[in-house]
Amino acid sequence: MALRLSDLHPIFMEGWWGMRYRRNYVEGGTYFFTVNSLERDKSLLVDHIAELRESVSFVKRRRPFEIGAWVVMSNHMHAVWTLPQEDADYSSRWREIKKRFSTSMPKIERLSAVRKQKGERGIWQRRFWEHTIIDLQDYRHHIDYVHFNPLKHGLVKQVKDWPFSSFHRAVRLGYYTEKWCGNEPLNTSDNGIGE
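Residues numbered from 1 in each chain as written. Predicted model: local features only at pLDDT ≥ 70, side-chain atom pairs only at ≥ 80, totals over all residues. Heavy atoms only, no water.

Draft legend 1. Main features of the pairing of strand β3 (residues 30–36). Taken across its 7 residues, β3 has 7 buried, putting it largely inside the fold. Where burial is concerned, the two faces of β3 agree: the one with T30, F32, T34 and N36 and the one with Y31, F33 and V35 are both buried. As paired elements, β3 and strand β5 (residues 76–82) share 7 bridges and run antiparallel to each other. In the strand pairing of β5, V35 is matched with M77. With 4 bridges connecting them, β3 and strand β6 (residues 129–132) associate as antiparallel partners. Bridging across to β6, Y31 finds its partner in T132. (Buried < 20%, exposed > 50% of the residue type's maximum accessible area, 1.4 Å probe, protein only. Helix = DSSP H or I, 4+ residues; strand = E, 2+ residues; numbered from the N terminus. Pairing = 2+ DSSP bridges.)

Draft legend 2. Local environment of the packing of aromatic side chains. Counted according to the given criterion, the structure contains 21 aromatic pairs. Summarising the aromatic geometry, the rings of Y25 and Y90 are spaced 4.8 Å apart at their centres and angled 20 degrees between planes, so their arrangement reads as stacked. Of this pair, Y25 sits in the loop between β2 (18–21) and β3 while Y90 sits in helix α4 (residues 90–104), and the two are 65 residues apart along the sequence. In this structure Y25 comes out as partly exposed when scored by relative accessible area, which is 42%. Measuring from centroid to centroid gives 5.8 Å for F32 and Y145, while their planes differ by 80 degrees, and the two rings are edge-to-face. With F32 in strand β3 and Y145 in helix α6 (residues 136–152), the pair connects residues that are 113 residues apart, well separated along the chain. For F32, a relative accessible area of 4% gives the class buried. An aromatic cluster is defined as three or more aromatic residues linked by ring pairs; in this entry it consists of Y25, Y31, F33, F65, W70, W81, Y90, W94 and F128. (Phe/Tyr/Trp six-rings, centres within 6.5 Å; stacked < 30°, edge-to-face > 60°.)

Draft legend 3. Here's a closer look at the sheet that holds β6. In spatial order, the strands read β4-β5-β3-β6; together these 4 strands make up an open sheet with antiparallel pairing. The open sheet has two edge strands with one neighbour each: β4 (66–72) and β6. Each adjacent strand pair in this sheet contributes to an overall mean axis angle of 15 degrees, direction not counted. Relative to β4, helix α3 (residues 49–62) is tilted by about 165 degrees, and along the sheet it contacts β4 and β5. (Axes fitted to C-alpha atoms, helices over the stretch in contact; angles between N-to-C directions. Contact = heavy atoms within 4.5 Å.)

Draft legend 4. Molecular detail of the nonpolar core. Ranked by size, the top nonpolar core spans 45 residues in total, and within it L52, W70, V72, M77, W81, W94 and W124 carry the most contacts. At the level of elements, β3, α2 (44–47), α3, β4, β5, α4, α6 and α7 (167–172) are the ones that each hand at least two residues to this core. A per-element tally of this core places α3 first, with 5 residues. Discounting residues that sit within four places of it in the chain, W94 has contacts with F33, V35, W70, M77, A79, W81 and F128. (Core = buried A, V, L, I, M, F, W, Y, C linked by side-chain atoms within 4.5 Å.)

Next up, the structure:
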């Protein structure tokens, strides 16, 4: 009997074109996301941070979710969300955030023939990456990863210097010291996170 990749891990399914990704939906779950802009050499997201924030706020008011951490880089972003109980639909939230942001942008991006044919904008990669958080240690790791990302990419010398990050809120709440640079874990001893 031949071993298939789908036998090794349940997130993969075979399709006629090869392998495709199957998302994991857990009601009330906590997730880590990576969302990329289409043109990786552009700084679209930070250049239009107000429009991005408005898009997120609009969706969050209509389809609530809790933000554990968020960082916006020039061409991608990472976020940790927790959905309400009995709700596992993060995909439609991301779709609406992307759509609202795209609608707010002038139509100056390059479009492939396929995107033109489908009536799509050339702002976002079609997919996003998600990971379901499994426990408190996994949660802490991904929160730290989100906040450390600008330093990892060499954009700042200290995490506190990147303005488009929930790190600043986390410092105000006492989860981190202002000088944190990835060499100490998220402080969850007294703040009830994940407890």
